[in-house]
Amino acid sequence: MCKHLIFILVFIIMLPVSAQKTGKKYRIDRYESIYLPLGKISFADSLVSFKMGIPEPIEKFSDPLQCLHEPDYKNYHIPNFTSIGCAGTITVAFTDNGFMNLPGRDLYIFEVGPSRESASIEISEDGNTWLAAGKISGGKSSIDLEDHKIPTDVVYYYLRITDLKGMCKSKTAGADIDAIAAVNSVIKLTINADVLFDIAKFQLKEEAHKTLIELSETIKKVDKATIRIEGHTDSDGEHEYNQVLSENRCLTVKDRIEALLGYEALYDYDIKAFGETKPKLENTTVENKKMNRRVEITVLPPKDFYKNLQYKK
């Protein structure tokens, strides 16, 4: 993969349309399923830390790795889930996807077993600064980040679960976690504009084509989506000039990606030119200005998804 291409993987829930190849339904109980548009990569897949609560569950139910990846709960006697103990805490990371505060429910915690213990949920962008994101309780294991005023323009990659001491006297003391899913996920790809364009130009460099081919192969993992292309410049030059330049660069990238993905593909395109108005860093050094000159591509659910958002919370 090109070293200049930075991948931030996250995607958003879509309807379970038969044309979708990447999505998958997961059974919640005998009556209900949840649909995840990115299927198995939607789940937390890395353990960051685990602090066992007291009283502890019996040993065979205390493996923290059992809460990662797809759910595989069969019954209460098979130790394919993680019991975190009374007041225990487990922190996980999403390495091939993330999540955002978007319409509808954003997270689903597969809390299993005959007793549904309550737990608090916190989320983080960087694993250092944490935001309270509500709690799961009883049979309600979905989280809508909008209910907790979580910022809508941030991608989160870390999640922490803390047992609230609702069930401390059983062989599986504490919350019993089978899997942790990001329902509202996004794929975000950031490219340094200098990789694609010469300074003050919007025609693609010859070497830019390889980068866009690689980028398009990543997008193809999703069958139907809205592709948002955002253009950013540094602060050199007049504001109006930078605005036009960023728009022209967006259109150039859009035309190339659309050709690579196929004009018959089920993608919509959304162009947003910001010029110099959203720098990542202060435009005070040559290196900072280089970082601010960028094209950001976000793969979002198809527009018709929001017109048909009808699942239960």
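Below is a short write-up of the structure.

Definitions and limits used
Residues numbered from 1 in each chain as written. Predicted model: local features only at pLDDT ≥ 70, side-chain atom pairs only at ≥ 80, totals over all residues. Heavy atoms only, no water. Helix = DSSP H or I, 4+ residues; strand = E, 2+ residues; numbered from the N terminus. Expected span 1.5 Å × (residues − 1). Buried < 20%, exposed > 50% of the residue type's maximum accessible area, 1.4 Å probe, protein only. Pairing = 2+ DSSP bridges. Axes fitted to C-alpha atoms, helices over the stretch in contact; angles between N-to-C directions. Salt bridge = Lys/Arg side-chain N within 4 Å of Asp/Glu carboxyl O. Phe/Tyr/Trp six-rings, centres within 6.5 Å; stacked < 30°, edge-to-face > 60°. Lys NZ or Arg CZ within 6 Å of the ring centre and 35° of its normal. Core = buried A, V, L, I, M, F, W, Y, C linked by side-chain atoms within 4.5 Å. Contact = heavy atoms within 4.5 Å.

1. Considering helix α2 (residues 208-219)
Stage number 1. Look at α2: 17 Å from first C-alpha to last across 12 residues, which is about the 16 Å you get at 1.5 Å a residue.
Stage number 2. The complete set of buried residues in α2 reads Ala208, Thr211, Leu212, Glu214, Leu215, Ser216, Thr218 and Ile219.

2. Side note on the sheet that holds strand β9 (residues 130-136)
Stage number 1. Taken in spatial order, the 5 strands line up as β4-β6-β11-β8-β9 in an open sheet, and their pairing is antiparallel. A strand with exactly one partner marks an edge of an open sheet, and here the two such strands are β4 (46-51) and β9. Neighbour-to-neighbour, the strand axes of the sheet open up by a mean angle of 20 degrees, direction not taken into account.
Stage number 2. Pairing of β4 with strand β6 (residues 89-93), which is carried by 5 bridges, proceeds in the antiparallel orientation.

3. Examining the pattern of salt bridges
Stage number 1. Summed over the entire model, instances satisfying the criterion amount to 11 salt bridges.
Stage number 2. Among the salt bridges present, the one from Arg228 reaches Asp270, with a minimum N-O distance of 3.2 Å. In this pair, Arg228 is assigned in strand β14 (residues 224-232) and Asp270 in strand β15 (residues 266-275), connecting sequence segments 42 residues apart.
Stage number 3. When the shortest N-O distance is used, the salt bridge between Glu296 and Arg294 registers 2.8 Å. With respect to class, Glu296 is no different from Arg294; both count as buried.

4. Brief notes about the packing of aromatic side chains
Stage number 1. Enumeration over the complete set of coordinates arrives at 8 aromatic pairs.
Stage number 2. Between the aromatic rings of Phe94 and Phe99, the centroid separation amounts to 5.3 Å while the plane-to-plane angle is 70 degrees, which identifies the pairing as edge-to-face. For the residue pair Phe94 and Phe99, the accessibility class agrees, reading buried in each case.
Stage number 3. Taken together, Tyr26, Phe43, Tyr108 and Phe110 form an aromatic cluster joined through their ring pairs.
Stage number 4. Sitting over the ring of Trp130, Arg160 keeps its end group 4.1 Å from the ring centre.
Stage number 5. Its end group placed over the ring of Tyr269, Lys254 keeps NZ or CZ at 5.5 Å from the ring centre.

5. Details of the pairing of strand β2 (residues 24-27)
Stage number 1. As defined by bridge partners, β2 adjoins strand β3 (residues 33-36) across 4 bridges and the pair is classed as antiparallel. Paired with Tyr26 across the bridge in β3 is Ile34.
Stage number 2. The antiparallel hairpin formed by β2 and β3 contains 5 residues in its connecting segment.

6. Notes on the nonpolar core
Stage number 1. The biggest cluster of nonpolar side chains holds 26 residues, and the ones touching the most others in it are Ile123, Leu159, Ile161 and Ile180.
Stage number 2. Only β6, β7 (107-111), β8 (119-124), β9, β11 (158-163) and β12 (176-182) provide two or more residues apiece to this core.
Stage number 3. Leave out the neighbours within four places in its chain, and Ile180 touches Ser42, Phe43, Ala44, Cys67, Val92, Phe94, Tyr108, Ile109, Leu159 and Ile161.
Stage number 4. Core analysis: the next-biggest nonpolar cluster, separate from the first, contains 25 residues, Leu196, Ala225, Ile227 and Cys250 among them.

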